[in-house]
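# Notes for the structure review
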Amino acid sequence: MRQFEESELTDEVIRSLDETSNPRLKLLLQELVRSLHDYVRRTGLTFEEWEKAIDFLTRTGQKCTPSRQEFILLSDVLGISMLVDAVNHRERDGATETTVLGPFYVGEHKPMPHGADISEGLEGERMYVEARVTDLGGRPLGGVPVDVWHADDDGFYDSQKPGYEEKGPSLRARFVTDGDGRLAFRSILPCSYPIPIDGPVGELILATRRHPMRPAHVHFLVAAPGYEPLITHVFIEGDKYLDSDVVFGVKNELVSKIELRDDPQMPDGRAASGPWHLMTYEFRLKPGHGTAPKPMLASAAE
Ligand code: BEZ
Ligand code: FE
C-alpha cells in the first residue's frame, strides 16, 4: 500500500489530476490544490479550525436561494470578485474602468425614453443624470443599450423590497443612446448602503470588525456590439465610504463630482420642483466582444 509523507502528499495529489482531459481544468485544479495545501501548511490548520471552515462554507451554501447568492457576496467581501475583474481587464487603453456587477442586476431592463423619471415617486433628493457613450477616440456611439440601476434613499434596491414582483421595477431602466451617444434620465440621489449581513458573510464582517457599507453609486451596464461590455458604477464624490468600500469596488476615475443646482429648469428644459443634483459621465468603450453578464440574482434579500 502506498503511503505519503507530509512533504510528498501535495505532489501526489497534483499528479493524481494529470489525466484531466481539459487542459484549463487541469491547470485550475492543480493550482488550487497547490495553494490550499500551502495554506494548510503555512497556518498549521487545526482540526477544530478545519471543522469551523467546513461549517462556514456549508452555511454559506445553505443561505443561497434563487434570490440570494451568499457565495458571490463572500467573493465580493474577500476582494476575489474585484481581483477576477482586474486580471481580466489589465489593458484598458483609455477605456472606462470596470467594477463589480453586484447581486442586484436583474437582467435586461425595461426601455425608457430619454429624460424619464425612474424613481417611480420615491422620496429623495432629485437627480438628473447625463451620460455619453463613445469609443476610445471620443467618437459617439449611438443606438447602444445602457442599463442603469441604483439604491433608494434608504439604501435598498427595488428587488430587495417585499412585493417587488407585483410592484415592478423602480430605480432601474434601460436607455438607448441617441446619435450623439447621449442618454439622460431623472431619478433620486442614491445613498451609501450596507450589503446584506444576516448570513455567514455578515458573521465574517462582524468577526473582522469591518463595516458592511458600500459608498453611494449608480450602476451602468453598457453593451455595444463590437465593443467589450462595460460593467461599472459612477460613485458620488464626498461619500464617506469611498476609501473603505466593503467590496473594494471603488476606482478614482469612477468618482464623479455631483453638482447641486437650483436652476428652475433641468437640462432638457422641463421644470425642476426644487434644488436638484446633476451627475454627468462619459463612458469610453474598448473594441472587442463578450456577452453581457447573466443576472446573478433577482434579489439579495429573501
Ligand atoms: C452592489 O453594488 O449592488 C453590490 C455589490 C457587491 C455586493 C453587494 C452589493
Ligand atoms: Fe450597488
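Just above, that's the structure.
To keep things clear, this report deals only with the structure shown in the data block. (Residues numbered from 1 in each chain as written. Chains lettered and ligands numbered in written order. Predicted model: local features only at pLDDT ≥ 70, side-chain atom pairs only at ≥ 80, totals over all residues. Heavy atoms only, no water.)

Attention now moves to the pattern of salt bridges. Pairing between side chains becomes possible if they bear opposite charge and their charged atoms approach one another. Counted by the stated rule, this structure contains 26 salt bridges. One salt bridge in this structure joins Asp198 and Arg68, with 2.6 Å as the shortest N-O distance. Here Arg68 lies in the loop between α3 (47–63) and α4 (70–77) and Asp198 lies in the loop between β5 (193–194) and α7 (200–207), a separation of 130 residues in the sequence. What makes Asp198 exposed here is its relative accessible area of 52%. Connected through shared salt-bridge partners, Arg132, Asp180, Arg182 and Glu282 make up one network. (Salt bridge = Lys/Arg side-chain N within 4 Å of Asp/Glu carboxyl O. Helix = DSSP H or I, 4+ residues; strand = E, 2+ residues; numbered from the N terminus. Buried < 20%, exposed > 50% of the residue type's maximum accessible area, 1.4 Å probe, protein only.)

Below, the discussion takes up the site of ligand 1. Taken together, the neighbourhood of ligand 1 is formed by 13 residues, with Phe104, Tyr193, Arg214, His217 and His219 sitting nearest. One of the side-chain N or O atoms of His217 is found 3.1 Å from an oxygen atom in ligand 1. At 3.1 Å, a side-chain N or O of His219 approaches an oxygen atom of ligand 1. Relative to its free-state accessible area of 270 Å², ligand 1 is covered by the protein chains to the extent of 100%. The cavity where ligand 1 resides is the largest cavity. For the shell around ligand 1, the class distribution of residues is 7 nonpolar, 4 polar and 2 charged. (Near = heavy atom within 4 Å. Polar contact = N/O pair within 3.5 Å; in protein donor to acceptor, adjacent residues only side chain to side chain. Areas by Shrake-Rupley, 256 points an atom, 1.4 Å probe, with all protein chains shown as cover. 1 Å grid on protein atoms, 1.4 Å probe; cavity = no way out; pocket = protein on both sides within 12 Å on 5 of 7 lines; lining within 4 Å. Sits in = over half its atoms within 2 Å of the grid points. Nonpolar A, V, L, I, M, F, W, Y, C, P; charged D, E, K, R; others polar.)

Right, let's get into the layout of surface pockets. Approximately 810 Å³ is the volume found for the largest pocket. Taken together, 18 residues make up the lining of the largest pocket; nearest its centre are Leu36, Tyr39, Leu57, Leu78 and Ile80. When residues of the lining of the largest pocket are traced back to their parent elements, those giving at least two are α2 (23–43), α3 and α4. Here the lining of the largest pocket is composed, by residue class, of 15 nonpolar, 1 polar and 2 charged. In this structure, the lining of the largest pocket is formed jointly by two domains, domain 1 (6–63) and domain 2 (70–285), each of which donates at least three residues. (Points joined across faces, edges and corners; volume = space filled by probe spheres on them. Domains from an automatic or database assignment.)

Negative phi is the rule for most residues except glycine; trans is the rule for most peptide bonds. Although it is not a glycine, Arg209 adopts a positive phi angle of roughly 55 degrees. By relative accessible area, Arg209 is classed as exposed at 78%.

Quick look at the coordination of the iron ion (ligand 2) now. Within the protein, the atoms that donate to the iron ion (ligand 2) are Tyr157 (OH), Tyr193 (OH), His217 (NE2) and His219 (NE2), at distances of 1.9 to 2.1 Å. Around the iron ion (ligand 2), the 6 donor atoms are arranged such that angles at the metal cover 52 to 166 degrees; this shape is classified as irregular. Read N to C, the donor residues that coordinate the iron ion (ligand 2) are spaced as Y-x35-Y-x23-H-x1-H. Of the two residues, Tyr193 sits in strand β5 while His219 sits in strand β7 (residues 217–222), which places them 26 residues apart along the sequence. For Tyr193, a relative accessible area of 4% translates into the label buried. A relative accessible area of 2% places His219 in the buried class. (Donors = N, O, S within 2.8 Å, 3.2 Å for Na, K, Ca; no water. Tetrahedral: all angles 85-135°; square planar, octahedral: opposite > 155°, others 65-115°.)

Bringing the sheet that holds strand β11 (residues 276–285) into the picture now. Pairing between the strands of a sheet is mediated by backbone hydrogen bonds and can be parallel or antiparallel. Read from one edge of the open sheet, 4 strands run β4-β1-β11-β10, paired in mixed fashion. The sheet terminates laterally at β4 (182–188) and β10 (259–261), the two strands that pair on one side only. The sheet shows a mean angle of 25 degrees between the axes of neighbouring strands, taken without regard to direction. In this sheet, β11 lies alongside strand β1 (residues 126–135) in parallel orientation, the contact comprising 10 bridges. Along β11, the bridge assignment pairs Glu130 with Thr280. (Pairing = 2+ DSSP bridges. Axes fitted to C-alpha atoms, helices over the stretch in contact; angles between N-to-C directions.)

The buried fraction of β4 is high, at 6 of 7 residues. Inspection of the sheet shows β1 paired to β4 by 7 bridges, in the antiparallel sense. Along β4, the bridge assignment pairs Glu130 with Ala184.

So, about the packing of aromatic side chains. Taken as a whole and assessed by the stated rule, the structure comprises 7 aromatic pairs. On the numbers, 4.8 Å between centres and 40 degrees between planes, the contact of Tyr105 with Trp149 is tilted. Separated by 44 residues along the polypeptide, Tyr105 in the loop between α5 (80–88) and β1 and Trp149 in strand β2 (residues 145–150) bring together distant segments of the chain. A relative accessible area of 3% means that Tyr105 is categorised as buried. A network of ring pairs unites the aromatic residues Phe104, Tyr157 and Tyr193 as a single cluster. (Phe/Tyr/Trp six-rings, centres within 6.5 Å; stacked < 30°, edge-to-face > 60°.)

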